[in-house]
Amino acid sequence: MKKQFLEAGEIVNTHGVGGEVRIQPWTNTPEFLLDFRTLYIDGRPVRVLRARVHKSCVIARFDGVDSFDGANALRGKLVCINRADAHLPEGQYFFQDLIGLKVLDWETGREIGTLEDILERPAGNIYVIRGQREILVPAVPEFIRETDVENGLIRVRLIEGM
């Protein structure tokens, strides 16, 4: 079952004295968080009054937080998004929806293992599949032939040496 609320970052510091916070996003890009008018902290909705990207972080001002002390009290808190508010492009998935899926060989249909981790690298993501042995598969269409989150399956095309 997919979780309704997804961890999307952490409040790592304050920004200035007016109540803004600095969020270290756990998303592909910090801009992704700018699309949300409501974030969730400690399971409670918090309205975003304004947000902008600064370097690799998001600077945000929340409704009801208008001082340094108020912002400082949020330091170290996790920021979550509601899955229903997220709009991913076709063919993109949340990592936590992929971790744990069964991985099958595209050609033979045999089970290779389970997707245990996704390594984020500059050239692209790499799927870490663990079965009888660990296999690293680039997350590109040439190798990832089908992703079926609803049925819990990923079909991959392996080449010699994988």
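Procedures and definitions
Residues numbered from 1 in each chain as written. Predicted model: local features only at pLDDT ≥ 70, side-chain atom pairs only at ≥ 80, totals over all residues. Heavy atoms only, no water. Pairing = 2+ DSSP bridges. Helix = DSSP H or I, 4+ residues; strand = E, 2+ residues; numbered from the N terminus. Axes fitted to C-alpha atoms, helices over the stretch in contact; angles between N-to-C directions. Buried < 20%, exposed > 50% of the residue type's maximum accessible area, 1.4 Å probe, protein only. Contact = heavy atoms within 4.5 Å.

Peer 1: Sorry if this is basic, but what is going on with the sheet that holds strand β8 (residues 111-121) here?
Peer 2: What links the strands of a sheet is backbone hydrogen bonding, and the strands pair in either a parallel or an antiparallel sense. Here we have 6 strands laid out as an open sheet, ordered β10-β9-β8-β7-β12-β11, and mixed in their pairing. The open sheet is flanked by β10 (134-138) and β11 (144-148), the only strands paired with a single partner. Averaged over all pairs of adjacent strands, the angle between strand axes in this sheet comes to 35 degrees, irrespective of strand direction. Where strand β9 (residues 124-131) lies against β10, 5 bridges are found, and the strand directions are antiparallel. Paired with Ile 129 across the bridge in β10 is Ile 135.

Peer 1: Got a minute to help me understand the environment of Ala 60 in this structure?
Peer 2: In this structure, Ala 60 sits in strand β5 (residues 57-62). Since its relative accessible area comes to 1%, Ala 60 is described here as buried. Along the backbone, Ala 60 and Val 48 are 12 residues apart, and their C-alpha atoms lie at a distance of 6.9 Å. Look past the residues within four positions of Ala 60 in its chain and what remains in contact with it is Gly 19, Glu 20, Val 21, Ile 23, Arg 50 and Ala 51.

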